[in-house]
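Structure assessment
Single-letter residue listing:
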Protein chains: 2
Amino acid sequence: MPTNRKEKVMPLEIVLKRNDPAPLYQQIAEQIKRAIASGHLPAGAQLPTVRRLAAEVGVTRLTVQNAYAELQSSGWIESTVGRGTFVSAQASVQPRWSAASGAATPAAVIGDILQMGRGTGILSFASASPDPQLFPEAEFWAALESQRQRLSEAMSYGPAQGDTGLRIELAAHLAERGLSATPDDLLVVAGVSQGVMLAAQALAQPGDSILIEQPTYVGFLHQLRTLGLQPMAVPVDEEGLRLDVVEQMARAHRIRFFYTIPSFQNPTGYCMSHSHRLQLLELAERYGFYIIEDDLYGWLAYDAEPPLPIKALDAADRVIYISGFSKTLAPGVRLGVMAPPSALRDRLIGLRIAADLGSPLLLQWTLAAFLHRGEFRRHLRRVLPVYQERRDALLAALGQAMPPGVHWTRPRGGLCCWVTLPRPVSVGEIPRLALQQGWAVAPGSIFWTNTDGERNLRLCFGGLTVGQLRRGVEVIAEIVRQQLAFAPVTPASPVEWLPMV
Amino acid sequence: MPTNRKEKVMPLEIVLKRNDPAPLYQQIAEQIKRAIASGHLPAGAQLPTVRRLAAEVGVTRLTVQNAYAELQSSGWIESTVGRGTFVSAQASVQPRWSAASGAATPAAVIGDILQMGRGTGILSFASASPDPQLFPEAEFWAALESQRQRLSEAMSYGPAQGDTGLRIELAAHLAERGLSATPDDLLVVAGVSQGVMLAAQALAQPGDSILIEQPTYVGFLHQLRTLGLQPMAVPVDEEGLRLDVVEQMARAHRIRFFYTIPSFQNPTGYCMSHSHRLQLLELAERYGFYIIEDDLYGWLAYDAEPPLPIKALDAADRVIYISGFSKTLAPGVRLGVMAPPSALRDRLIGLRIAADLGSPLLLQWTLAAFLHRGEFRRHLRRVLPVYQERRDALLAALGQAMPPGVHWTRPRGGLCCWVTLPRPVSVGEIPRLALQQGWAVAPGSIFWTNTDGERNLRLCFGGLTVGQLRRGVEVIAEIVRQQLAFAPVTPASPVEWLPMV
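Residues numbered from 1 in each chain as written. Chains lettered and ligands numbered in written order. Predicted model: local features only at pLDDT ≥ 70, side-chain atom pairs only at ≥ 80, totals over all residues.

1. Some details on the overall build of chain A
- A tally of regular secondary structure across chain A gives 17 helices and 17 strands.
- Of the contacts formed within chain A by residues at least 6 apart in sequence, a portion of 74% connects residues at least 24 apart. (Helix = DSSP H or I, 4+ residues; strand = E, 2+ residues; numbered from the N terminus. Contact = placed C-beta atoms within 7 Å.)

The structure is reproduced here in structure tokens:
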């Protein structure tokens with residue numbers, strides 16, 4: 001909504017770098033975004049006309065049109081025919097948490113998280129992503145460049161199961177996690193998300209009951225809603241997974257599968273003990289359910305050797321193992337690997353064909369070359385100490401800044417720390433206030449199927465420096481202190497593991 | 001199955017090029033494949049041990065192991081512990097048509113088609129793909145290389161709806177097909193297949209009735225089986241789409257959507273007339289069903305301007321338009337575009353998040369740069385005359401070689417020609433015999449939901465030169481002649497448009 005400032009056209013200072021790899025329209029859009037984010041351009045402020053800005057900056061009108069189109073499409077500005085172009089009301093409060101509105105869908109929240117890290121001066125605890133600054137640009141580019149001579153072949157259809165050369169490399173890669181799989185056992189997937197989706201489709205029909213951890217990965221909560229599956233939640237706490245609840249539910253219901261992130265879980269950072277892994281397998285065999293093991297974080301162990309995946313202990317072929325590169329290398333590779341029981345393999349390939357026919361060969365070959373050259377192993381050795389240091393800095397800062405009664409997990413790996421307040425506060429209020437000060441934090445509520453998450457925050461430490469972590473924790477701790485002082489006490493319901501319907 | 005030749009280890013002549021971009025293991029695997037395909041290594045022939053071949057060729061044992069793993073994984077060889085490694089029985093008859101076995105699933109057939117074009121000396125009429133030789137390597141690489149400086153950013157998560165910059169380019173791209181969509185209206189998808197899948201998920205529940213063309217794209221038949229949808233088939237013949245059947249079905253059933261490839265259809269090459277498009281829209285509006293318009297081939301018009309998409313005529317917001325680059329540029333880009341009615345947009349983005357979170361930014365930015373520089377338009381101008389010449393050569397060769405009573409379509413665009421025999425022959429027999437002579441042809445049966453396709457073959461002409469097309473048609477015509485002379489006449493059932501259950 002334009003405010004009363006709407007009639008005044010704001011002066012814009014745009015500086016273009018002609019030798020910048022970013023297109024001109026994007027440079028313009030980015031600078032306008034920054035002006036909005038920094039408050040230079042308030043909500044309702046009118047932007048110059050396309051013609052005028054084009055003349056001022058010395059670019060074509062099409063370039064300015066494209067910049068405005070980008071800004072409009074991402075909600076920063078609004079255009080009204082005959083009236084002009086204005087900074088939109090939402091833009092002034094910057095990227096916003098749909099979750100703060102209460103009625104947010106998981107899809108909207110995921111969209112928020114994906115957007116939160118991008119530009120606009122926001123520092124983000126919200127996305128469990130690796131630090132882009134640590135991405136091994138030269139090594140990855142070299143692997144990509146080695147495909148130059150067979151580019152047109154790389155642009156053809158590949159097998160839906162995944163390129164054989166990549167699967168050979170992935171079999172060796174998984175051997176480092178203690179898994180013995182042949183290339184033929186494996187499927188290449190478009191990231192762990194797709195792998196989990198295909199596995200869920202293969203194992204369950206709409207209306208079927210499945211088990212999840214509580215809290216769990218918000219993206220999976222969205223997927224099971226899409227698939228019409230009935231989740232029953234098993235609490236995960238400092239003691240670990242409540243195996244008694246697993247058994248109780250498996251005895252009472254026909255459970256199709258249990259979705260778990262046993263190693264350095266998102267959002268809690270929790271790691272399932274070896275003995276719990278064995279007991280869970282035993283329950284899966286006894287009650288005939290499958291285990292979907294999401295091992296996206298298992299490589300990131302800071303205090304000891306990475307834990308052995310459940311799949312490595314799976315004598316009875318109950319585990320669909322899925323891992324990928326989004327947390328160790330970069331999310332943009334959009335490639336993961338699935339090691340299913342062999343009886344499920346062909347059905348999963350069929351589902352992959354139905355989904356999208358397969359992943360781009362060019363990226364598959366690039367990743368294969370990157371793995372083949374040992375670059376992944378080298379990269380991992382390089383980033384582990386960095387994330388370890390950040391984890392330590394986060395825990396130290398929490399210890400210094402948080403008011404009494406606040407607790408948090410001490411993750412031995414992964415990228416997530418889970419903060420628990422002594423009592424619930426209004427959903428999304430802390431993230432909303434933090435965002436006003438330039439910090440993005442994921443509200444705990446989005447990782448739960450009930451209201452218990454109103455006592456929680458997820459702090460992801462992978463993308464922030466030690467200094468940023470300290471400053472950010474201070475800001476958040478101050479907000480927490482205020483909220484705890486003023487927020488009304490609304491006791492959460494105790495039915496934490498009842499089926500969500 | 002090893003034959004009696006199994007004890008004799010075959011000598012292998014492997015020549016490695018150290019400066020070849022292909023890894024050594026791949027060079028070895030390729031040469032062994034060729035030896036099998038050419039008959040030098042027959043079924044059951046024993047291969048040297050890893051140790052011996054490594055010593056002979058002068059590579060590490062790991063390299064030979066990887067080559068054998070690749071060959072084993074793709075079914076060319078079999079290993080038995082303690083006995084050795086043998087050419088597998090299936091490999092000797094080369095890539096095989098699952099469809100020829102009668103019990104083939106669409107997924108298996110699609111796997112066949114994807115594999116058929118790859119290596120092994122087979123010339124393929126089977127895959128409706130563009131000619132990889134025509135891929136604009138230098139121009140595409142330049143677009144990719146322009147992302148080098150922002151590589152780590154290109155490796156982060158992008159918005160699930162698709163990169164804004166790419167959507168800006170796609171809006172301009174679709175304007176050339178007569179569509180007026182803003183970047184905000186569009187979704188980037190991982191190829192048309194994914195777009196169709198998401199649209200079907202958004203519009204229908206398991207058990208719902210939908211309409212398809214008969215024959216239609218085999219991949220969609222697989223998708224609807226995966227989704228549990230009930231297809232009802234509307235015949236497409238030389239007269240066009242049977243609109244009377246559409247209306248009859250829409251009146252009798254609650255139809256959720258009609259999936260159509262109106263422009264240069266796969267597999268027939270048929271093009272829906274402008275007046276039929278208008279009438280179909282009118283039916284969609286009257287009976288409340290949606291139209292999923294697959295416009296993958298619409299750009300490839302040889303005799304006149306490309307037909308206006310149904311979406312361009314869609315005043316009542318009934319059309320989900322989907323197009324992509326797999327037929328015009330290259331399948332390996334794995335990027336397409338969807339223009340849905342705005343009421344469906346957010347639901348489709350949610351489904352995309354559930355499916356795989358989004359497409360790789362690096363490829364999205366590369367395609368955006370490629371489009372922005374006008375390379376797509378230039379490329380299309382360059383390839384259209386080539387495909388036109390091939391289409392003409394195919395039609396001329398069919399006219400010269402086919403026996404009387406055989407008919408075929410005269411496609412005015414696209415990559416497919418549909419051959420109809422005067423009477424049915426045994427499913428898959430012609431493709432099987434053609435494959436023995438080194439030619440891949442798709443059996444018509446895979447594009448039908450009933451047995452009528454036993455009179456049909458699909459000939460795709462995009463990937464073959466004029467000389468190859470002539471030779472291939474001669475081979476196939478001779479097989480057709482023999483089959484028609486000997487094959488028993490099994491009359492097809494006349495229930496061609498009854499619901500398939």
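2. Section: the nonpolar core
- Judged by nonpolar contacts, the single largest core of 310 residues is most densely connected at Phe257, Ile292, Met338 and Val441 of chain A together with Phe257, Met338 and Val441 of chain B.
- In contact with Phe257 of chain A, not counting residues within four places along its chain, are Leu203, Ala204, Ile210, Phe289, Tyr290, Ile291 and Ile292 of chain A. (Core = buried A, V, L, I, M, F, W, Y, C linked by C-beta atoms within 7 Å. Buried ≥ 20, exposed ≤ 12 C-beta atoms within 10 Å, placed from the backbone.)

3. Structural notes on the interface of chain B and chain A
- Counting from both sides, the interface comprises 66 residues of chain B and, opposite them, 67 residues of chain A.
- Per-element accounting of the side of chain B that touches chain A gives the leading share, seven residues, to helix 13 (residues 342–356) of chain B.
- The residue makeup of the side of chain B that touches chain A, split by class, is 34 nonpolar, 23 polar and nine charged. (Nonpolar A, V, L, I, M, F, W, Y, C, P; charged D, E, K, R; others polar.)

4. Let's talk about the sheet that holds strand 2 (residues 77–80) of chain A
Residues and elements named next belong to chain A.
- Taken together, the three strands give an open sheet; going across it, the order is 1-3-2, and neighbouring strands pair in antiparallel fashion. The open sheet has two edge strands with one neighbour each: strand 1 (46–47) and strand 2.
- Pairing between strand 2 and strand 3 (residues 84–87): four bridges, direction antiparallel. When the sheet's bridge partners are listed, Glu78 is paired in strand 3 with Phe86.
- Taken strand by strand, helix 3 (residues 61–73) contacts strand 2 and strand 3, and its axis lies near 110 degrees from that of strand 2. (Pairing = 2+ DSSP bridges. Axes fitted to C-alpha atoms, helices over the stretch in contact; angles between N-to-C directions.)

5. Focus: the environment of Ala401 of chain B
Residues and elements named next belong to chain B.
- For Ala401, the position within the fold is in helix 15 (residues 375–401).
- On the basis of neighbour count, Ala401 is assigned to the partly exposed category, with 18 C-beta atoms found within 10 Å.
- Contact partners of Ala401, with chain neighbours within four places excluded, come to Val473, Glu474 and Ala477.

6. Observations regarding the relation of the copies chain B and chain A
- Here chain B sits on chain A after a turn of 180 degrees about the axis and a move of 0.0 Å along it, with an RMSD of 0.1 Å. Both chain copies can therefore be described as sitting about a two-fold axis. Residues of chain B ranked by C-alpha distance from the rotation axis are headed by Ala355 of chain B, positioned 3.9 Å from it. (Least-squares fit on C-alpha atoms with pLDDT ≥ 70 in both.)

7. Structural notes on unusual backbone geometry
- That bond from Asn266 of chain A to Pro267 of chain A is cis: its omega, 15 degrees, falls within 30 degrees of zero.
- Structurally, the position occupied by Pro267 of chain A is in the loop between strand 9 (255–260) and helix 12 (274–287).
- Between Gln214 of chain B and Pro215 of chain B the backbone carries a cis peptide bond, its omega angle lying at 0 degrees.
- The phi torsion at Leu357 of chain A lies on the positive side, around 75 degrees, for a residue other than glycine.
- Tracing the backbone through its elements, the reader meets Leu357 of chain A in the loop between helix 13 (342–356) and helix 14 (361–372).

8. A closer look at helix 3 (residues 61–73) of chain B
Residues and elements named next belong to chain B.
- Under the 1.5 Å per step criterion, the end-to-end length of helix 3 is 18 Å for 13 residues, consistent within 8% with the ideal 18 Å.
- For helix 3, the full list of buried residues reads Thr63, Val64, Asn66, Ala67, Tyr68, Ala69, Glu70, Leu71 and Ser73.
- One or two steps after helix 3, the chain reaches Gly75, where phi turns positive at roughly 85 degrees. (Expected span 1.5 Å × (residues − 1).)

9. Focus: helix 14 (residues 361–372) of chain B
All names here are of chain B.
- Between the first and last C-alpha of helix 14 there are 16 Å, a value that for twelve residues agrees with the 16 Å anticipated at 1.5 Å per step.
- Of all twelve residues making up helix 14, twelve are buried, and the element is well covered by its neighbours.
- Listed as buried for helix 14 are Leu361, Leu362, Leu363, Gln364, Trp365, Thr366, Leu367, Ala368, Ala369, Phe370, Leu371 and His372.
- On the buried face of helix 14, the contacting elements are helix 6 (137–145), helix 7 (151–154), helix 8 (164–175), strand 5 (187–189) and helix 15.
- Positive backbone phi, approximately 80 degrees, marks Gly374, located one or two places after helix 14.

10. Regarding the sheet that holds strand 12 (residues 336–339) of chain A
All names here are of chain A.
- Overall, mixed pairing links the eight strands, which are arranged 5-12-11-10-9-6-7-8 in an open sheet. Unpaired on one side and paired on the other, strand 5 (187–189) and strand 8 (240–241) mark the two borders of the sheet.
- In this structure, strand 5 lies alongside strand 12, joined through three bridges in antiparallel fashion. Within strand 12, the position partnered with Val189 by the bridge is Gly336.

11. Things to note about the confidence of the model for chain A
Residue and element names in this part refer to chain A.
- The predicted model of chain A has a mean per-residue pLDDT of 87, with 88% of residues at 70 or higher.
- Contacts of residues 99–103 to residues separated by more than four positions or lying in other chains number eleven contacts, the stretch itself having pLDDT below 50.
- Counted against residues more than four places away or in other chains, residues 491–501, with its pLDDT under 50, gives 22 contacts. (pLDDT = per-residue confidence, 0-100.)

12. A short note on the pairing of strand 12 of chain A
All names here are of chain A.
- On strand 12, burial covers both faces: Gly336 and Met338 on one face and Val337 and Ala339 on the other are all buried.
- Bridging between strand 11 (residues 319–324) and strand 12 involves four bridges; their strand directions are antiparallel. In the sheet register, Ser323 faces strand 12, and the bridge partner there is Val337.

13. Concerning the packing of helix 6 (residues 137–145) of chain A against helix 14 of chain A
Residues and elements named next belong to chain A.
- Contact geometry of helix 6 with helix 14 gives a least axis separation of 8 Å together with a crossing angle of 120 degrees. The angle between the axes of helix 6 and helix 14 places the two elements in the oblique class. Every pair of crossing elements has a handedness; the one defined by helix 6 and helix 14 is right-handed. Packed against helix 6, whose contacting residues are Glu139, Phe140, Ala143 and Leu144, the element helix 14 presents Thr366, Ala369 and Phe370 at the interface.
- Residue classes in the contact of helix 6 with helix 14 are distributed as five nonpolar, one polar and one charged. (Parallel < 35°, antiparallel > 145°, perpendicular 65-115°, else oblique. Left-handed = near helix turned anticlockwise from the far one by under 90°.)

14. Quick word on the environment of Trp418 of chain A
Residue and element names in this part refer to chain A.
- Here Trp418 shows up in strand 14 (residues 416–420).
- For the pair Trp418 and Ala200, spaced 218 residues apart in the sequence, the C-alpha separation amounts to 26 Å.
- Those residues in contact with Trp418 that lie beyond four places of it in its chain are Pro267, Thr268, Gly269, Trp408, Thr409, Asn456 and Arg458.

15. Side note on the environment of Leu243 of chain B
All names here are of chain B.
- Here Leu243 is to be found in helix 11 (residues 243–252).
- On the basis of neighbour counts, which here come to 16 C-beta atoms within 10 Å, the residue Leu243 falls in the partly exposed class.
- For Leu243 and Pro262, which are 19 residues apart along the polypeptide, the C-alpha to C-alpha distance reads 13 Å.
- Leave out the neighbours within four places in its chain, and Leu243 touches His276, Gln279, Leu280 and Leu283.

16. Describing the packing of helix 10 (residues 218–227) of chain A against helix 13 of chain B
- Contact geometry for helix 10 of chain A and helix 13 of chain B: axes closest at 9 Å, N-to-C directions at 115 degrees. The orientation of helix 10 of chain A with respect to helix 13 of chain B, classified from their angle, is roughly perpendicular. The chirality of how helix 10 of chain A crosses helix 13 of chain B is left-handed. The residues of helix 13 of chain B that touch helix 10 of chain A, namely those facing His222, Gln223 and Thr226 of chain A, are Leu351, Ile353 and Ala354 of chain B.
- Partitioning the contact of helix 10 of chain A with helix 13 of chain B into residue classes produces three nonpolar, three polar and no charged.

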